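As a plain string of letters, each chain reads:
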Number of protein chains: 2
Amino acid sequence: MRFPGIARTLVAMAMTSLVAVAPVLAQSDPLPSWNDSAARQAIVAFVKATTTKGSPQFVPVAERIATFDQDGTLWVEHPFYAQAMYCLDRVPAVVKARPELANVEPFKTVMSGNREAIATLTMDDLMKIVAATLTGMTVDEFNAQVKGWIGSARDPRWKQPYTALTYLPMQEVLRYLRANGYKTYIVTGGGQDFVRVYAEQIYGIPPEQVVGTAGATTFGYDASGKPILTKEPKLLLNDDKAGKPEGIHLMIGRRPVAAFGNTAGDQQMLEYTKAGSGLRLAMLVLHDDATREYAYGPATGLPDTKVGTFSQALYDEALKSGWVVISMRKDWKRVFSFAP
Amino acid sequence: MRFPGIARTLVAMAMTSLVAVAPVLAQSDPLPSWNDSAARQAIVAFVKATTTKGSPQFVPVAERIATFDQDGTLWVEHPFYAQAMYCLDRVPAVVKARPELANVEPFKTVMSGNREAIATLTMDDLMKIVAATLTGMTVDEFNAQVKGWIGSARDPRWKQPYTALTYLPMQEVLRYLRANGYKTYIVTGGGQDFVRVYAEQIYGIPPEQVVGTAGATTFGYDASGKPILTKEPKLLLNDDKAGKPEGIHLMIGRRPVAAFGNTAGDQQMLEYTKAGSGLRLAMLVLHDDATREYAYGPATGLPDTKVGTFSQALYDEALKSGWVVISMRKDWKRVFSFAP
């Protein structure tokens, strides 16, 4: 687009004033994608109470730790976890490198592309796929493989890169907390090494602030004598349910002041957070927006065994324990940055 | 001491000018306890090259990770590790709580106070003492126990609190790196939970930046229903030798740009650090100062099996691989803050 002189000057002036005003706007409305509901008010009141000098609930900067589940809390987890899609998408490359797997189950079924057959794979089958796609390579090779996939893969519903499927209102919460001296951590049941590849780019969270399910590595040397770390099929931390507070202790060594989750896998992390002294914030994202995202959990009455379910029991505990439920439908003006 | 009017004014003026000048001095001489030797020059040149914009070796702030071994690198490790003293000192409290141990070995020997007998305890005996003193309690109880000990215990040689036994020149390196955007980590063979209790106070290093030998915890609830984490006698990470780069990957997820150690237990961490692209700094503290501290390792020809030994082989690798050796005797003007 081209502007005549006067219009160009006006545009330049408008842009200059936008630049000047932006920080002020950001300060006055740190959560523009949120409706002015109880959930939003709880977040703002918590931040003010814990960061205002002289407040009885003031928390020193060093202790400002906030932990976030990833799948279903920071980005979409339905119909499948992104990492599950990664493992399936990675199978052809694994079979190409190890042709003897082409006629061995479960690799044969995955290679067939038959979705119905793939859906019937057992947990034991899936563990074989996980081991073949997430272990056996060096850490550097794995990082490059995930980076390549995350840059090109698209989700089945919106046809967006997975990195676009993050919830805009939660991105705002991450930034708002960090602007107020909080260190933000991801505490995920997903693979620690997997999430670390893209967490800095899409959440502004560096690798050292990603706690997840972690396998062992083995230090050794390659043929040229260069030190390498190889990913082993040996579980060190199952960062789900009770594993979340255990992982927080192992990796952070402090109890969070605020924690955010959405499923029964986050219950113990939220309980552990709330059990600390002083003011604590525990929030649960309720997936009740079938139009803009998905509806599952208490909003639909699905049983607790379904992947990603936020059970009625957890919902009841939330209300009883002073956790704050975030209704995606009612509390969020906007869900994604790519959709209105 | 009381001053007459004019002297008091002079003292006040001198103190004011000290306060005003201190930051300038700190900026112009970040390493005042170092002699102007090759080791000091290597540190300053590394920091300038990796943090000056436009430098071909510039490292973005997010990637500025520096890792430090603790025992023998940041503080004294002879004649015993502080944590070993803690475990022995803790035995009476354990026996008081569990009187049935009073007549069971190795607790009986430790309770006897017979130093010669204690010195003959086997590794198996020591593991029983470690398990009894470092596990079985909640994380909060353990933290309180270590905090109490570190506040009152004195080392056998200087009769100082262990927290005073840190090397002043290394404290300056920690601060100098942090002032230049580096995140400083401890990567220790010692207990992660143990070191985390005092690392912030004495090194300015927060718990989440302490990587160490770590045991499992179990999440559960106490009698009142409050969530607790209990320390278990199950090893998750043996953060020594090859375990150091493995622990760095697990806990940090980035390769360090600078690493500091003093024994064969640090060799793989230093190799892993040096194997990264761009400029890397690997330094080894050589204990060659029998007067101000201790002399051991290549300086004395002690064998590699001795606790804390920096072997001749490691020393030779250092020289060959471009690691920089820090001679305590020649490179440090001052060793401790409590001694001249």
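How each quantity is defined
- Residues numbered from 1 in each chain as written.
- Chains lettered and ligands numbered in written order.
- Predicted model: local features only at pLDDT ≥ 70, side-chain atom pairs only at ≥ 80, totals over all residues.
- Heavy atoms only, no water.
- Helix = DSSP H or I, 4+ residues; strand = E, 2+ residues; numbered from the N terminus.
- Areas by Shrake-Rupley, 256 points an atom, 1.4 Å probe, with all protein chains shown as cover.
- Salt bridge = Lys/Arg side-chain N within 4 Å of Asp/Glu carboxyl O.
- Buried < 20%, exposed > 50% of the residue type's maximum accessible area, 1.4 Å probe, protein only.
- Contact = heavy atoms within 4.5 Å.
- Buried area = accessible area lost by both parts, 1.4 Å probe.
- Nonpolar A, V, L, I, M, F, W, Y, C, P; charged D, E, K, R; others polar.
- Least-squares fit on C-alpha atoms with pLDDT ≥ 70 in both.
- Polar contact = N/O pair within 3.5 Å; in protein donor to acceptor, adjacent residues only side chain to side chain.
- Axes fitted to C-alpha atoms, helices over the stretch in contact; angles between N-to-C directions.
- Parallel < 35°, antiparallel > 145°, perpendicular 65-115°, else oblique.
- Phe/Tyr/Trp six-rings, centres within 6.5 Å; stacked < 30°, edge-to-face > 60°.
- pLDDT = per-residue confidence, 0-100.
- Core = buried A, V, L, I, M, F, W, Y, C linked by side-chain atoms within 4.5 Å.
- Pairing = 2+ DSSP bridges.

Moving on, we get to the overall build of chain A. Along chain A, the regular secondary structure elements total 13 helices and seven strands. Accessible area for chain A stands at about 15500 Å²; split by element, carbon and sulfur atoms hold 58% of it.

Here the focus is the pattern of salt bridges. Under the criterion given, the structure shown has 24 salt bridges over all chains. With a closest N to O distance of 2.7 Å, D193 of chain B and K231 of chain B form a salt bridge. Of this pair, D193 of chain B sits in helix α9 (residues 192–203) while K231 of chain B sits in strand β4 (residues 227–237), and the two are 38 residues apart along the sequence. In this structure, K244 of chain B engages D266 of chain B in a salt bridge whose closest nitrogen and oxygen atoms are separated by 2.7 Å. Here the residue K244 of chain B occupies a position in helix α10 (residues 243–251), and D266 of chain B occupies one in the loop between β5 (258–261) and α11 (267–274), the gap between them amounting to 22 residues. D266 of chain B shares its class with K244 of chain B; the two are buried. Where salt bridges share partners, they join K183 and R254 of chain A together with E200 and E208 of chain B into one cluster.

How big an interface is tends to be stated in terms of the accessible area lost upon association of its parts. At the interface, 37 residues of chain A touch 37 residues of chain B. The contact between chain A and chain B buries some 3100 Å² in all, and 54% of this surface belongs to carbon and sulfur atoms. Per-residue buried area on chain A facing chain B is highest for E208, H249 and L250 of chain A; these three make up 20% of the total on that side. Taken together, chain A and chain B are joined by eight salt bridges. The shortest N-O distance in the salt bridge between E200 of chain B and R254 of chain A comes to 3.3 Å. Contributions of two or more residues to the side of chain A that touches chain B are made by α7 (139–152), β2 (183–191), α9 (192–203), β3 (210–221), β4 (227–237), α10 (243–251) and α11 (267–274) of chain A. Of the residues belonging to the side of chain A that touches chain B, the class tally is 19 nonpolar, seven polar and eleven charged.

After a rotation of 180 degrees and a shift along the axis of 0.0 Å, chain A superposes on chain B with an RMSD of 0.0 Å. What we have between these two chains is a two-fold relation. The position closest to the rotation axis in chain A is occupied by the C-alpha of M251 of chain A, lying 3.0 Å away. Most of the interface of chain A is mirrored in chain B, where 100% of its interface residues again form contacts.

A few words now on the environment of K274 of chain B. Residues and elements named next belong to chain B. Within the element layout of this structure, K274 appears in helix α11. Overall, K274 belongs to the partly exposed group, its relative accessible area being 27%. Spatially, the C-alpha atom of K274 lies 8.1 Å from that of A258, the residues being 16 residues apart in sequence. Reaching out from K274, the side chain makes a polar contact with the backbone oxygen of R280 at a distance of 3.5 Å.

Turning next to unusual backbone geometry. All names here are of chain A. Residue H78 is joined to P79 through a cis peptide bond whose omega torsion reads -5 degrees. Relative to the helices and strands, P79 resides in the loop between β1 (65–68) and α3 (82–97). Following E105, the chain continues into P106 via a peptide bond in cis, with omega recorded as 0 degrees. Here P106 is to be found in the loop between α3 and α4 (107–112). Positioned with a positive phi, K159 is a non-glycine residue whose angle comes to about 60 degrees. Within the secondary structure layout, K159 lies in the loop between α7 and α8 (168–179). Given the relative accessible area of 55%, K159 is considered exposed.

A separate point is the packing of α3 of chain A against α7 of chain A. All names here are of chain A. Contact pair α3 / α7: the axes reach a minimum separation of 11 Å and the direction vectors enclose 105 degrees. As far as their axial angle goes, α7 and α3 are roughly perpendicular. For the pair formed by α3 and α7, the contact residues are A82, M85, Y86, D89 and R90 on the first element and F142, Q145, V146 and W149 on the second.

Attention shifts here to the environment of L281 of chain B. All names here are of chain B. Positionally, L281 belongs in strand β6 (residues 281–286). According to the relative accessible area criterion, L281 is buried, its value standing at 5%. Setting aside chain neighbours within four positions, we find L281 in contact with A42, I43, F46, V257, A258, A259, F260, T273 and V324.

This brings us to the packing of aromatic side chains. Under the criterion given, the structure shown has 34 aromatic pairs over all chains. Between the aromatic rings of F46 of chain A and Y182 of chain A, the centroid separation amounts to 5.8 Å while the plane-to-plane angle is 40 degrees, which identifies the pairing as tilted. With F46 of chain A in helix α2 (residues 38–51) and Y182 of chain A in the loop between α8 and β2, this pair connects stretches of sequence that are 136 residues apart. Assigned by exposure class, F46 of chain A and Y182 of chain A land together as buried. For the ring pair W75 of chain B and Y198 of chain B, a centre distance of 5.1 Å and an interplane angle of 25 degrees mean the geometry is stacked. Taken together, the residues span a long stretch of sequence, with W75 of chain B in the loop between β1 (65–68) and α3 (82–97) and Y198 of chain B in helix α9 at a distance of 123 residues. Neither W75 of chain B nor Y198 of chain B differs from the other in exposure class; each is buried. Ring pairing ties together the aromatic residues W34, W158, Y167, Y294, W332, F336 and F338 of chain A, which thus form one cluster.

Residue and element names in this part refer to chain A. Of the residues in chain A, 89% have a pLDDT of 70 or more, and the chain-wide mean is 90. Note that residues 1–26 has pLDDT below 50 and, in this model, two contacts with residues that lie over four places away or in other chains. Within the model, pLDDT remains below 50 along residues 303–308, and this stretch shows twelve contacts once partners closer than five positions in the same chain are excluded. Here the complex is predicted with pTM 0.90, and the ipTM for its interfaces comes to 0.89.

All names here are of chain B. With 67 residues, the main nonpolar core has M170 and Y203 as its most contacted residues. Ranked by residues supplied to this core, first place goes to α3 with seven residues. In this structure M170 touches W34, F68, T73, L74, F260, V285, I326 and W332, once residues within four positions along its chain are discounted.

All names here are of chain B. Spatially, seven strands are ordered β4-β3-β2-β1-β5-β6-β7 in an open sheet, and the strand pairing comes out mixed. For this open sheet the edge positions go to β4 and β7 (324–327), each flanked by a neighbour on one side alone. On average, each strand axis in the sheet is tilted by 35 degrees relative to the strand beside it, whichever way the strands run. In this sheet, strand β3 (residues 210–221) lies alongside strand β2 (residues 183–191) in parallel orientation, the contact comprising four bridges. Along β3, the bridge assignment pairs G191 with T213. Sheet strands in contact with α10 are β1, β2, β3 and β4, and its direction is about 130 degrees off that of β2.

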